[in-house]
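Take a look at the letters that make up each chain.
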Amino acid sequence: MLRFLEFIFGLERGFLSRDGDLVLRFDPPWPGIAPAWVWNLILALLVLAWVAWIYRRENTTPRKRIVLATLRVTLFALLLAMLNRPMLGLVQSRGEPSVLPILIDDSASMQVRDVTDGAQPHSRLDAARNLLTSSDARLLRELSKTHTLRLFRFSSSPSPLPAIASDGPPTEAVAAIDKLTPAGQGTQVARSVKQVAEELQGQHVAGLVVLTDGRDVPAGNWARDIEFLRGAGMRVYAVPVGSDKRLRNVAIERATAQDVVFQGDLASIHVQLSVTGVEPGERIHIDLKDAKGGRLLKREEGKDAGRTLTVQSDGTVETDLVFRAEQIGPQDVLVDVAPIDGELTTDDNSRRLQLSVLDAKVNLLYIDGYPRWEYRYLRNQMTRDKTVSISCLLTSADPGFIQEGSKPIRFFPQTMDQFLEYDVVLVGDVDPRQFTDAQMTMLQDFVVKKGGGFGMIAGPRYAPQAYRNTPVEAILPVDISAVRTPAGNDRGGTQGFRPVITPEGEASPIFRFFSDRDENRKYIHDELPLLYWYARGATAKSGVGEVLAEHPTDTGPDGRKAALLVVGRPGAGRTLFSAIDDSWRWRFYTGESIFDTYWVQQIRYLARGRKIGQRRLTLASLRPTYELGEQARVNVRILDDQLASTLADQLSAELTDSDGKLLATPALTRQPGQKDLFSLSLPAGQIGRFTVRLPSIAPGVEAVDTPFEVVAPKLELSDPRVARAALSQLAGETDGKVIELANAQAELLAIPSAGRIVPVQTARPIWSSPLVLIALAILLTAEWAFRKLAGLL
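Overview of the structure. (Residues numbered from 1 in each chain as written. Predicted model: local features only at pLDDT ≥ 70, side-chain atom pairs only at ≥ 80, totals over all residues. Heavy atoms only, no water.)

### Describing the overall build of the protein
- Along its length, the protein carries 19 helices and 42 strands.
- Relative to the compact-globule value of 28 Å for 793 residues, the protein shows a C-alpha radius of gyration of 46 Å, a clear excess of over 25%.
- Counting only C-alpha atoms and orienting by the principal axes, one finds that the protein spans roughly 170 × 60 × 50 Å.
- Taking as baseline every contact in the protein between residues at least 6 positions apart, the subset at least 24 positions apart corresponds to 73%.
- Put simply, the protein shows about 37,700 Å² of open surface, and 52% of that area lies on carbon and sulfur atoms.
- With 92 positive and 94 negative side-chain charges, the protein shows a spacing of 8 Å between the two charge centroids. (Helix = DSSP H or I, 4+ residues; strand = E, 2+ residues; numbered from the N terminus. Rg over C-alpha atoms; globule rule 2.2 N^0.38 Å. Contact = heavy atoms within 4.5 Å. Areas by Shrake-Rupley, 256 points an atom, 1.4 Å probe, with all protein chains shown as cover. Lys, Arg positive; Asp, Glu negative; His and termini not counted. Charge placed at Lys NZ, Arg CZ, Asp CG, Glu CD.)

What follows is the structure, encoded as structure tokens:
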């Protein structure tokens, strides 16, 4: 029956079986100068008048005229109705859902454990997670009955999480929330909310729920973002997670150490702490431990290397920790700060470093031109030192003179093999004519290519000015073009001076006479015996030389304080230039400890290139610590030319975490134009401690490894207090609300639905349907038949 009705009304199949209400409406095309009813009334009156005029003249009975007039009026009425274009409409209702986006902050500051649930503190992210997913995700289930939930995680920008179906369990969404980690490098609260609002424009948004601590790092333009939200009619319901009280924390900002030390040396580690929330006079203890065994390291027998600091206020605290290196080989050192009461987080209380401890035995070749005081005392001291094997060569001695030292020699090396018997070559005030050009070229190669150490002690006759335009000049860490020979070998005046130690010099063990930094500074400044001469005019080479000590008053040709001790690293080796030659004065009133420490550490500095080179390669991270999101860079330097030439362009390495779990096998790639350098870059995408290990790459070459650490961005945790005022502004100016975490479940469920019921009408014309044609045919036929019967045709 419905299909028959659909046919005669000209409707498509199934139209009348749809849910909804049927309505009849008209869509007349009349000119707009008058309403439709006026046109219909005029036409109806005209039709009635015309029919009345026509049928009054018919020659028949009144009854027949009335029947004929009725048929004619009915026909015209049908035509008038069709002229008004009747439409059959189906009115249905469509529900447009209420959308409720929920944004979860997963930036680094959300790791702060300052949300208390009873006696147990939770991290901010855990608190936000518990709100949404506890009790079998009850809150999400209840909200999904009223709203279509859209979940987002955000730090610098939002990213969607799996959607929640209104008729199913939020399993995927809960799993995604559980996997969130507080690792974002920065937080942009208002901007992230704005981006979600832009994505949802055109939908019925009940509000935007934001679970965050409100920290904006770096600070964004909240006013502009709030203006957009207000203009779009988007209410923000801010749920502050965390405490807005001042938080107590001690964090290791930086820990640096010498990359290489010698067995028996005091190794120094400089530690910089960031301290917040402490009380004046509060004490903080730092330990130095062997990272692998956990034992406390010692600086002297019976004395731990750790220190206890007294802190008076918030800020940065720096200190030096010194321990004695005992075991040859790589040593992992753990800097560990004891937690203070109520500390924000202990994740930043430790830092791991790796040092290489080398065999302290150094083979030294010392050449000087004549037996000056510096030569005499240095020769005697190095002969007595058990860690130095010294060979002395005095060029002014008679041919029959038996050269001195623990390993006497008769001539300066003439082949590279003879040079390689030594770790360090130390040259005093020697006439360069004592050496052939070939010997000086070999000395240059010994330093640059073989990693040897070379030092020069200035003198009034030849060093360094006589070495201009020689191969030796190229490896010196100073520019000697302005150095002049003193007139008459003048030793200067009687005005003594003490060297001023630069920051680089303080970090070096050469001037570390006492383990306590303050005591060491005071001794050098006030008590170190005076010096009286230095070679004027030498300046550190730009980009090569590093000044460790300078004159307190005099300036050099470059306008800076005159350099007294300069070190450099040309190629694989290390070099040193000493502008003074009366450090022997430091033996007076000090015994031998100051003079011995000063020279032994210089010689060990110069020997490091050769000692490291004996391992044939080095593996090192560019920095010991990287912030989350940076690129960690690791370099392998091949110190053996023959080995470097046999290697492929890629070396396979292993990346492991602190538990030794293999994470990846990255490749170290040979750098263009540098056959001895291989590098790799790794994304620092996860907080923790990691190790890059290079397995043995050739027979006789041991596996090596280097650690590095990935830490949270400093800005995120510099002041992690909840930004309650900013969240109140965001909520207040968008007609939203700040919802406290304790009441969040009930208040979030009270957010009203923004859903709408929208009527939808589907219209079909019936003025051209079969029904109209049938009706017209019936009326016309009836009128014709009646006229025939009435004898009017």
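So, next bit.
### Examining a nonpolar patch on the surface
- Residues Trp37, Leu41, Leu45 and Leu48 make up a contiguous nonpolar surface patch of roughly 440 Å² in combined accessible area.
- Note that Leu48 resides in helix 2 (residues 36-55). (Patch = residues over 30% accessible without salt bridge, like charges linked within 9 Å, V, L, I, M, F, W, Y side chains within 5 Å. Salt bridge = Lys/Arg side-chain N within 4 Å of Asp/Glu carboxyl O.)

### Overview of the sheet that holds strand 35 (residues 654-657)
- The strand order 32-40-39-35-36 describes an open sheet built from 5 strands, whose pairing is mixed. Across the chains shown, the open sheet's two edge strands, defined by having one partner strand only, are strand 32 (625-627) and strand 36 (662-664). Taking each pair of neighbouring strands and ignoring which way they run, the sheet shows an average axis angle of 35 degrees. (Pairing = 2+ DSSP bridges. Axes fitted to C-alpha atoms, helices over the stretch in contact; angles between N-to-C directions.)

### Here we look at unusual backbone geometry
- In this structure, the amide linkage connecting Ala463 to the following residue, Pro464, adopts the cis form with an omega of 5 degrees.
- With respect to the helices and strands, Pro464 occurs in the loop between strand 24 (453-457) and helix 11 (471-475).
- A positive phi angle, near 55 degrees, is found at Ser135, a position not held by glycine.
- Tracing the sequence through the fold places Ser135 in helix 4 (residues 124-146).
- Notably, Asp136 is not glycine yet its phi reads approximately 60 degrees, a positive angle.
- One can find Asp136 in helix 4.

### Comments concerning the pairing of strand 13 (residues 266-276)
- Both strand 11 (residues 249-257) and strand 13 contribute to a ladder of 8 bridges, which runs antiparallel. Its bridge partner lying in strand 13, Val250 is registered against Val275.
- Direction of pairing for strand 13 relative to strand 18 (residues 315-324): antiparallel, over a ladder of 10 bridges. Bridge pairing in strand 18 links Val275 to Gly315.

### Thoughts on the packing of helix 4 against helix 5 (residues 171-178)
- Close contact between helix 4 and helix 5 brings their axes to 10 Å; oriented N to C, the two are set at 155 degrees. Between helix 4 and helix 5, the interaxial angle falls into the category roughly antiparallel. The crossing of helix 4 and helix 5 is left-handed. Here helix 4 contributes Arg129, Leu132, Thr133, Ala137 and Leu140 to the contact with helix 5, which in turn contributes Val174, Ile177 and Asp178.
- A per-class count over the contact of helix 4 with helix 5 returns 5 nonpolar, 1 polar and 2 charged. (Parallel < 35°, antiparallel > 145°, perpendicular 65-115°, else oblique. Left-handed = near helix turned anticlockwise from the far one by under 90°. Nonpolar A, V, L, I, M, F, W, Y, C, P; charged D, E, K, R; others polar.)

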